[in-house]
Amino acid sequence: MVFSVIFFVSISVVIDTFAAPVDDRNAKCTETCASESCKRTSEDVRKYINESVHPCEDFYNFACGGYLSNHVIPDDQSEISQLFEITDVVYNQLGAALMEPVSENEPKSSKLVKKLFQLCSDTDTIERNGLRTAHSLIKSLGGWPVVDGEAWREEEFDWKQLMYELRKHGLPIKHLMNTRIEQNVKNSSRNIFVFDQPELPVNRLNLMHGFNNTVVFAYYDYIVDLAEIYGGSRSYAVAEFKHFFEFLIELAMISVPPEHLRNITAITNIMTIAELRQRFPGIDWLEYINNLIALPDVKLSDQDLVDVGLPKALGDLLKLLEKTPKRVIANYAITVAVASIGHALNRKIKEVDNRLAQRLFGTSSESLRWRECVTVTTQRMKVAVSAVYARKYFNEEAKKNVASIVTNLHTKFLQILEGVDWMDDATKNTALNKAKDIEMHIAYPHELMNDTVLDDYYKNLTSSEDYLQYLLDIQTFAADKMYRSLLEPVKKSDWADHSVSHEVNAFYHFTENAIVIPAAILQGVMFRNNRPKYMNYGGIGFVVGHEITHGFDDTGKQISKEGQLENWWTYDTEKSYTEKAQCIIDQYSGFKSEELKIHLNGIITQGENIADNGGAKIAYDAYQEWVAKNEPEKCLPNLDYTPNQMFWISYANAWCTKERKEQLRSTMLVRTHPPSMYRIYGVIINSKSFSKDFNCPIGSNMNPSKKCTFW
């Protein structure tokens, strides 16, 4: 079997040509751990691996073959994975906490979030309300042409006025004139009003194929169904929405593809509002911006700065809006707004939403209502949910142990940077200063334990007895907070931004030069207090190393330690970096799903791929140093693998994923993270340490002669 073939097979193919790896390892286990934790860990690993697959030929199917064979994707999910299973535990915990009765001494935040969960769970009241609140909302927006027909008053429509109304009612404005508040990358002490290209309801790659694309056709059927349920004529909607998609496809054609959005300098264009008016004179931009902000105490002036981002794209959008009939623009903007509230409405709307999900993601049933309500609650009130989770479920001992691992990885990365031979001294010194200043936020911010702080955060939010109205009020509350930040100095490492203790994820914040490791990820295959260190370094250690490396990936390298856009790379070092990045791009672009006939996009995934390769090296080297300072660890019982080999097995185990082909297609085409199998393959084939630990001959599938390395 040649090397390239392994990466061209689908996820369901298991390579079983080779015998189990027994005699080809560098070392044998001489001592075995007999603790209950080791026994439990061994039992788990034995369920995940497939020893009929040789690790030097296909490490992903060796490390995950058992998991893939023994797990069935739930009918309501597009995939199942180790991270999904941790998330499932967290969901069950949050569901139980949110179902508890409200007590008088609870903080306001807890009462508000439980109220949201209760309203979401009360499907009888939602059914009785029907579409009453939604119809009232649509009327306040000026009506929906596809439903109102000839009664819709075109002469009264102004797309700018519609944006103001969407903002006022807590509905998204990102699908047409996409604006938001972000940290100013040229002055990281302040926030700035940003114009971005529209966020399309259907991905531009699908739209380029028109109605021949299954995703496009599924969304077309979906919005026709929606219009009919709201009282429109189906035949009329079929005709009207043809124009909707013509407009949407034009939006896609003028949008800049993600491959061209990785150069921050190129997509940062800061000017005063006066200069914006001069550049695009057709609109009173000061009036438009202040009407969107819609806060009496937050008013911008002509001399305030805005980031236009992509001036050509903005100009093209304004030209498109100028030539497009008002009816088409209204149908587009109102339709995507109506679609955004479907999850809060009655059974008929839910059935339409579920049919779309089934066509897009291959699911065959809907999620249990309580799970949907946990999702809605965590998305809309993350600070309050984070407090509930941190207070009730997190183990403080885990925080201490993870902090030790994080410190070791941080120290090891500094040592690795010192030894890099392709950086000149000037660039290396700047890189080291940035790396030294990385802040680490583990588990949760202490403010979540303070009732007064939480109540102050939510002081301007009150609950409603109407579920949809409460959701809209929460979204208006969030938008108000965002716009108020324009007049406030940036609080780096703001506790509210880091209030994600319930998320099974991890983050690197470029403008803060900070890493966040939430409490929820510190469990399961990622971390357990009493298991061997090689398991934890392969699990959460890799995640920490991955986030550290993001500070120096193709995006992070453009930002200084102060969080500002700055080219701190000399010409020669920049050239070396670009060559190394191109190696990664080309390598990952070669990964292909033969089943789907799709290649991975190595450009949009390069940041994650660079971070994956760096993260694995940092975690592995940090573990070796831990062993040198302590003592070699014992092997797991009933598994004839050395501690070093178990590091790699633990790393891969954490990313075992079984997904439907619809999900795989979406991941390969548009996600910045590659599918899990390619994440594993990419790291393994580039690691000399892996090949040494498993004694893989040069030229074997997992040890090609050409490797892409940074660190």
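Criteria and cut-off values
Residues numbered from 1 in each chain as written. Predicted model: local features only at pLDDT ≥ 70, side-chain atom pairs only at ≥ 80, totals over all residues. Heavy atoms only, no water. Helix = DSSP H or I, 4+ residues; strand = E, 2+ residues; numbered from the N terminus. Contact = heavy atoms within 4.5 Å. Disulfide = S-S within 2.5 Å. Buried < 20%, exposed > 50% of the residue type's maximum accessible area, 1.4 Å probe, protein only. Axes fitted to C-alpha atoms, helices over the stretch in contact; angles between N-to-C directions. Parallel < 35°, antiparallel > 145°, perpendicular 65-115°, else oblique. Left-handed = near helix turned anticlockwise from the far one by under 90°. Nonpolar A, V, L, I, M, F, W, Y, C, P; charged D, E, K, R; others polar. Pairing = 2+ DSSP bridges. Salt bridge = Lys/Arg side-chain N within 4 Å of Asp/Glu carboxyl O.

Chemist: What should I look at first to understand the environment of Ser301 in this one?
Modeler: Note that Ser301 resides in the loop between helix H14 (285-293) and strand S5 (305-307). Taking the C-alpha atoms as reference points, Ser301 and Ala274, separated by 27 residues in sequence, lie 8.5 Å from one another. Every residue in contact with Ser301, bar those within four places of it in the chain, is listed here: Ile273 and Leu286.

Chemist: I would appreciate a short explanation of the state of the cysteines in the present structure.
Modeler: Here a disulfide denotes one covalent bond, and it connects the sulfur atoms of two cysteines. A full pass over the atoms with the stated rule returns 5 disulfides. Disulfide partner of Cys56: Cys696, at an S-S distance of 2.1 Å. Taking the torsion about the S-S bond as the criterion, the Cys56 to Cys696 disulfide, at about -85 degrees, is left-handed. Remark: Cys696 occurs in the segment after helix H30 (688-693) and Cys56 occurs in the loop between helix H2 (36-48) and helix H3 (59-70); sequence separation between them is 640 residues. The same class applies to Cys56 and to Cys696, which are both buried. Shown here is the disulfide that connects Cys64 with Cys656, its sulfur atoms set 2.1 Å apart.

Chemist: Quick question: what am I supposed to make of the packing of helix H20 (residues 396-419) against helix H24 (residues 533-550) here?
Modeler: Any two packed helices are characterised by the angle at which their axes cross and by the distance between the axes. Close contact between H20 and H24 brings their axes to 10 Å; oriented N to C, the two are set at 50 degrees. By the angle class used here, H20 and H24 are oblique. Crossing hand, H20 versus H24: right-handed. Contact residues: H20 offers Ile405, Val406, Asn408, Leu409, His410 and Phe413, while H24 offers Asn536, Tyr537, Ile540, Gly541, Val544, Gly545 and Ile548. Of the residues assigned to the contact of H20 with H24, the class counts are 8 nonpolar, 5 polar and no charged.

Chemist: Got a minute to help me understand the environment of Leu636 in this structure?
Modeler: Along the chain, the position of Leu636 falls in the loop between helix H26 (606-629) and helix H27 (643-653). When the C-alpha atoms of Leu636 and Cys29 are compared, they prove to be 8.9 Å apart, with 607 residues separating the residues in sequence. Among residues more than four places away in sequence, those in contact with Leu636 are Thr32, Cys38, Thr41, Ser42, Pro532, Tyr534, Met535 and Met646.

Chemist: So what exactly am I meant to see when it comes to the sheet that holds strand S3 (residues 191-196) here?
Modeler: The strands that make up a sheet are held in pairs by hydrogen bonds between backbone atoms, and each pair lies either parallel or antiparallel. Spatial strand order, S2-S3-S5-S4: 4 strands in an open sheet with mixed pairing. With partners counted over all chains shown, the strands left at the sheet margins are strand S2 (178-183) and strand S4 (270-272), one partner each. Strand-to-strand twist across the sheet, computed as the mean angle between neighbouring axes with direction ignored, equals 35 degrees. For S3 and S5, the ladder comprises 2 bridges, and the chain directions are parallel.

Chemist: Got a minute to help me understand the packing of helix H11 (residues 214-229) against helix H12 (residues 234-254) in this structure?
Modeler: One way to put it is that H11 packs onto H12 with a least axis distance of 9 Å and a crossing angle of 135 degrees. With respect to their mutual orientation, H11 and H12 come out oblique. Like other packed secondary-structure pairs, H11 and H12 cross with a definite hand, here right-handed. Here H11 contributes Val216, Tyr219, Tyr220, Ile223, Val224, Asp225, Ala227 and Glu228 to the contact with H12, which in turn contributes Arg234, Ala237, Val238, Phe241, Lys242, Phe244 and Phe245. By residue class, the composition of the contact of H11 with H12 is 11 nonpolar, no polar and 4 charged.

Chemist: Sorry, what's going on with the pattern of salt bridges here?
Modeler: Pairing between side chains of opposite charge can happen when their charged atoms approach one another. On inspection of all chains with the given rule, the structure shows 38 salt bridges. Through salt bridges with shared partners, a single network forms among Asp225, Glu228, Arg234 and Arg355.

Chemist: Looking at this structure, I do not really get the sheet that holds strand S7 (residues 507-509). What am I missing?
Modeler: Sheet architecture is open: 3 strands sit in the order S6-S8-S7, paired in mixed fashion. The outermost strands of the open sheet, each flanked by one partner alone, are strand S6 (439-443) and S7. Going from strand to strand, the sheet's axes swing by 15 degrees on average, the running direction of each strand aside. Across 5 bridges, S6 lies against strand S8 (residues 514-518) in parallel orientation. What sits directly across from Ala443, in S8, is Pro518.

Chemist: Sorry if this is basic, but what is going on with the pairing of S8 here?
Modeler: Along any regular strand, the residues point their side chains to alternate faces of the sheet. The buried fraction of S8 is high, at 5 of 5 residues. Because side chains alternate across S8, one face comprises the buried residues Ala514, Val516 and Pro518, and the other comprises Ile515 and Ile517, equally buried. In this sheet, S8 lies alongside S7 in antiparallel orientation, the contact comprising 3 bridges. Of the residues in S8, the one forming a bridge with Phe507 is Val516. Between the antiparallel neighbours S7 and S8 lie 4 residues, among them Asn513 with a positive phi of about 55 degrees.

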